[in-house]
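Understanding the architecture of this molecule
Below, each chain spelled out in residue letters.
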Number of protein chains: 2
Amino acid sequence: MKKDILENLKIEKITKNYLKAPHKKNEIHEADAELIDFGKESEKYLAITTDALVEEVSTGLYDDPYLIGWMLAMVNFSDLAAVGAEPLGLLVSISFPSTQDEAFMARLTEGISDACKRLNTFVLGGDTNQGKELFLSGCAVGLVPKKSAITRIGAKPKDKLYLSGPGGLGSIFAFLRLSGQDYKMLEFFYKPAARIAEGIIVREFASCCMDTSDGLLHTLDTLMRLNHNKFILNNDWERILHPVVQQVCRAQNLPPWLALAAVHGEFELCFTISPQNEKKFLQRAALNGWMPILIGEVASGEGVSIKTQEQLIPLNTTLIRNLSETAGSDPQGYITELLHIALEAGIW
Amino acid sequence: MKKDILENLKIEKITKNYLKAPHKKNEIHEADAELIDFGKESEKYLAITTDALVEEVSTGLYDDPYLIGWMLAMVNFSDLAAVGAEPLGLLVSISFPSTQDEAFMARLTEGISDACKRLNTFVLGGDTNQGKELFLSGCAVGLVPKKSAITRIGAKPKDKLYLSGPGGLGSIFAFLRLSGQDYKMLEFFYKPAARIAEGIIVREFASCCMDTSDGLLHTLDTLMRLNHNKFILNNDWERILHPVVQQVCRAQNLPPWLALAAVHGEFELCFTISPQNEKKFLQRAALNGWMPILIGEVASGEGVSIKTQEQLIPLNTTLIRNLSETAGSDPQGYITELLHIALEAGIW
């Protein structure tokens, strides 16, 4: 992992004191969930991950308690989906002020419960505390066959790049919400469900996989760095972006690819498939009623580029990723910065 | 679980929306960690638990960052110890303000790391966020043989009541710390290490087990309710209490059993052993260089009592447990209330 991503530098500071567990199969950053070998006699790895909702709540991005609960579960299960794991369940650590409205907390736990039901899984346990502000952290645990566990590493030049479903809803939801515009329509569409069932197919065919929890461009930047290859995204926005996203971008005069650039994602899976696996993969997906979206390809080289009919346009994804650290708390400044990047790159 | 414990009513409100997982072996409150049956082919349960440090940090009870980190790991591993599990590792979810001192965070992660090393286990992963205040939540995961997993349920009349080590350090540490007295000596002694090795012995012999994370009286009250039996504590304070605790109680003119009543514990294991298992258990413990402390016994009936030479004195443990909810944020009021209970019960 190169040293120019501010978020990674922060993580490195926090984790530098920790010893690597010998039974942990992935290095840091190399998989969405930790893969734990808990015994030679088992044919499976334990997949485990923890994710808190902090900025999403403190910025007001999520204010509907049901959505907060739903997302707390889904952000964690999405990490399991990306390694191909089947969930055993979720643990929930919640802290809230004694003054917190009871109806709010009831809706929040309803969101958690419904998210688990949607994925045929369960809340296994938790911890409840009294704190000055609302704080929520989850931990999802599951199992994945050792022979099919999938990480962020393994993409090769000529691999095809796929997305499990249309992108951009996460960014556009955040854009409308934080810029104070009407987002009711987006609220209707923005209810991500972790791609557990798709992950179970993906794990049999893909060379690498990662979710789009921080938006597709963040995902591509991370995969590019870890795999030391160039990731090329087709400018085929009508295929890649959710119809509602296209509509908002047209109405707001925004370059459509910007909907893939903000740090709030839609929890699709982004993965690479070798040319020899592609046909069988698409057959299996179709048999399960699923239409993965071809969004680009892997090539030798480095960086993330957008492919137009005429040329490959390199994107400064380092700059885009660091925006969330440098301008993250100012939504309008964030969008203006993104528009500057679009102008400079010549893709507006 | 009776309805008169305020903390349990709060937990019930939070959890009432959740479906019981069919592969979870324990009901809510019935075990320190969740026991998950992850497949018929496995001879082990997954043991998993989550615990956050909130009040301990916000009240200033822990202000040394190393202790905060150490305790974050230990409170979670202690729950694994109480079900007899061997840890696979810890996940850590941390949120802190961007203004947080880097040296503070480095000491905190050193504490986490050292606690894991002490137990020969590892930090497996985590999540780092930026929030308004420091927030820490952990999740410990481990394995326990299905045939020896131990819960809070199973105590029978005539069972002997044991503690893995001397009690009272947690309460006295909190008492000195929060009443603004010199606690440096206690800081030296108060560094609980989860009783993983002892739990592995206990699981082969005990009828029930729970840690003393909230102090011994809280543990006895919980076990009494779940097992529908009377739990009798001998007034053998010289054997039961840590020497430093006895010394502080003498110096401060406090009834010694009060050191078992406050809601901050020392993370020992409290467990019951049937008369027929007792000899073999003590032999095995001695072979491992461990001296468990006999602290009382189980009898038919209900409630928690203190046994003096003359009589059994019933303790109102409901009142004692609810103190942390009703007077928890006022240390002096809390202690005064406890002293009133001691006076009324006639054990001062």
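Residues numbered from 1 in each chain as written. Chains lettered and ligands numbered in written order. Predicted model: local features only at pLDDT ≥ 70, side-chain atom pairs only at ≥ 80, totals over all residues.

Let's shift gears to the sheet that holds strand 5 (residues 135-145) of chain B. Residue and element names in this part refer to chain B. Read across the open sheet, the five strands follow the order 1-2-5-3-4; overall the sheet is mixed. Each edge of the sheet is formed by a strand with only one pairing partner; in this case those strands are strand 1 (34-36) and strand 4 (123-130). Across the sheet, the axes of successive neighbouring strands diverge by a mean angle of 15 degrees, strand direction being ignored. Across three bridges, the pairing between strand 1 and strand 2 (residues 44-53) is antiparallel. Following the sheet pairing, E34 is matched in strand 2 by I48. (Pairing = 2+ DSSP bridges. Helix = DSSP H or I, 4+ residues; strand = E, 2+ residues; numbered from the N terminus. Axes fitted to C-alpha atoms, helices over the stretch in contact; angles between N-to-C directions.)

Quite often, the size of an interface is put as the accessible area lost when its parts meet. Listed per partner, the contact involves 48 residues of chain B and 48 residues of chain A. Going through the elements one at a time, helix 1 (6-15), strand 1, strand 2, helix 2 (55-58), strand 3 (86-96), helix 4 (102-118), strand 4 and strand 5 of chain B are the ones with two or more residues in the side of chain B that touches chain A. When its residues are assigned to classes, the side of chain B that touches chain A shows 22 nonpolar, 17 polar and nine charged. (Contact = placed C-beta atoms within 7 Å. Nonpolar A, V, L, I, M, F, W, Y, C, P; charged D, E, K, R; others polar.)

Below, the discussion takes up the domain arrangement of chain A. Residues and elements named next belong to chain A. According to the domain assignment, chain A contains domain 1 (19-147) and domain 2 (152-345). Just the C-alpha atoms count here: the centres of domain 1 and domain 2 sit 23 Å apart. With 21 residues of domain 1 at the contact, the number on the domain 2 side is 24 residues. Those elements giving two or more residues to the side of domain 1 that touches domain 2 turn out to be helix 3 (65-82) and strand 3 (86-96). Top element by residues in the side of domain 1 that touches domain 2 is helix 3. It accounts for nine residues. (Domains from an automatic or database assignment.)

Residue and element names in this part refer to chain B. When you tally the buried positions in strand 2, you get ten out of ten residues, the bulk of the element. Where burial is concerned, the two faces of strand 2 agree: the one with K44, L46, I48, T50 and A52 and the one with Y45, A47, T49, D51 and L53 are both buried. Strand direction decides the pairing type here: strand 2 and strand 5, joined by ten bridges, are antiparallel. Residue pairing in the sheet places Y45 in a bridge with V144 of strand 5. (Buried ≥ 20, exposed ≤ 12 C-beta atoms within 10 Å, placed from the backbone.)

The next point concerns the sheet that holds strand 6 (residues 160-163) of chain B. All names here are of chain B. The mixed open sheet is built from seven strands, whose spatial order is 7-9-6-10-8-11-12. Either end of the sheet is taken by a strand with one partner, and the two such strands are strand 7 (206-211) and strand 12 (312-315). Here the average twist between neighbouring strands, direction ignored, is 30 degrees. Pairing of strand 6 with strand 9 (residues 269-273), which is carried by four bridges, proceeds in the antiparallel orientation. Note that in strand 9 the partner of L161 across the bridge is T272. Here helix 3 (residues 65-82) sits on the sheet in contact with strand 7 and strand 9, set at roughly 175 degrees to strand 7.

For the match of chain B to chain A, the screw axis carries a shift of 0.0 Å, the RMSD comes to 0.0 Å, and the turn is 180 degrees. Here the two chains are linked by the operation of a two-fold rotation axis. A symmetric contact is evident, with 100% of the interface residues of chain B recurring at the interface of chain A. (Least-squares fit on C-alpha atoms with pLDDT ≥ 70 in both.)

In this structure, C139(B) sits in strand 5. Through-space distance from the C-alpha of C139(B) to that of K280(B) is 34 Å; in sequence the pair is 141 residues apart.

Below, the discussion takes up the nonpolar core. By size, the foremost hydrophobic cluster in this structure holds 225 residues, and its most contacted members are A47(A), I48(A), V83(A), A47(B), I48(B) and V83(B). With sequence-adjacent residues up to four places away left out, A47(B) is seen in contact with A33(B), L35(B), L80(B), V83(B), A85(B), G142(B), L143(B) and V144(B). (Core = buried A, V, L, I, M, F, W, Y, C linked by C-beta atoms within 7 Å.)

The next point concerns the packing of helix 12 (residues 317-326) of chain A against helix 13 (residues 331-345) of chain A. All names here are of chain A. Two elements in contact, helix 12 and helix 13, have axes separated by 10 Å at closest approach and are oriented at 170 degrees. Comparing their axes, helix 13 and helix 12 come out roughly antiparallel. Mapping the contact onto sequence places L319, I320 and L323 in helix 12 and Y334, E337, L338 and I341 in helix 13. Tallied by class, the residues present in the contact of helix 12 with helix 13 amount to six nonpolar, no polar and one charged. (Parallel < 35°, antiparallel > 145°, perpendicular 65-115°, else oblique.)

Another aspect to go through is unusual backbone geometry. Most peptide bonds adopt trans geometry, and most residues besides glycine take a negative phi value. If you check the backbone angles, H29(A) has positive phi at about 75 degrees while not being a glycine. Tracing the sequence through the fold places H29(A) in the loop between helix 1 (6-15) and strand 1 (34-36).

A word on the confidence of the model for chain A. Of the residues in chain A, 98% reach a pLDDT of 70 or more, and the chain-wide mean stands at 92. Scoring the predicted complex yields pTM 0.95 and, for the interface, ipTM 0.93. (pLDDT = per-residue confidence, 0-100.)

The subject of this paragraph is helix 13 (residues 331-345) of chain B. Residue and element names in this part refer to chain B. Relative to the 21 Å expected for 15 residues at 1.5 Å per residue, helix 13 spans 21 Å between its end C-alpha atoms, a close match to the ideal helical length. The complete set of buried residues in helix 13 reads Y334, I335, L338 and I341. Taken end-on, helix 13 shows its buried residues confined to a sector of 115 degrees, consistent with a single buried face. Facing away from the buried side of helix 13, by more than 90 degrees, are the exposed residues Q332, T336, H340, L343 and E344. At its buried positions, helix 13 is contacted by helix 5 (169-178) and helix 12 (317-326). Once helix 13 ends, the next one or two residues include G346, with phi positive near 75 degrees. (Expected span 1.5 Å × (residues − 1). Arc of directions from axis to C-beta.)

It is worth spelling out the packing of helix 3 of chain B against helix 4 of chain B at this point. Residue and element names in this part refer to chain B. Axis separation between helix 3 and helix 4 bottoms out at 7 Å; the angle between their running directions is 35 degrees. Helix 3 and helix 4 meet at a crossing whose hand is right-handed. Along its contact with helix 3, which presents P65, Y66, L67, I68, G69, W70, L72, A73 and M74, the element helix 4 presents F104, R107, L108, T109, E110, G111, I112, D114, A115 and C116. Here the contact of helix 3 with helix 4 is composed, by residue class, of 13 nonpolar, three polar and three charged. (Left-handed = near helix turned anticlockwise from the far one by under 90°.)

Residue and element names in this part refer to chain A. Of all ten residues making up helix 5 (residues 169-178), nine are buried, and the element is well covered by its neighbours. Three or more residues of helix 5 are buried, namely L169, G170, S171, I172, F173, A174, F175, R177 and L178. Where helix 5 is buried, its residues contact helix 6 (184-189), helix 10 (243-252) and helix 13. Phi turns positive, to about 75 degrees, at G180, one or two residues after helix 5.

Here we take up the environment of G168(B). Residue and element names in this part refer to chain B. Within the secondary structure, G168 is located in the loop between strand 6 and helix 5. Overall, the presence of 31 C-beta atoms within 10 Å leaves G168 in the buried class. Separated by 73 residues in the primary sequence, G168 and L241 place their C-alpha atoms 5.7 Å from one another. With residues up to four places along the chain from it excluded, the contact list for G168 reads L241, H242, V245, A259, L260 and E266.

This part covers the environment of L269(B). Residue and element names in this part refer to chain B. Relative to the assigned elements, L269 resides in strand 9. Taking the C-alpha atoms as reference points, L269 and E198, 71 residues apart in sequence, are found 8.2 Å from one another. If sequence neighbours within four positions are ignored, L269 has contacts with A81, A82, S164, R195, E198, G199, V202, C209 and D211.

Residue and element names in this part refer to chain B. Within strand 5, ten of the eleven residues are buried, leaving the element largely enclosed by the surrounding structure. Here strand 3 runs beside strand 5; their pairing, made up of nine bridges, is antiparallel. In the sheet register, L91 faces strand 5, and the bridge partner there is C139.

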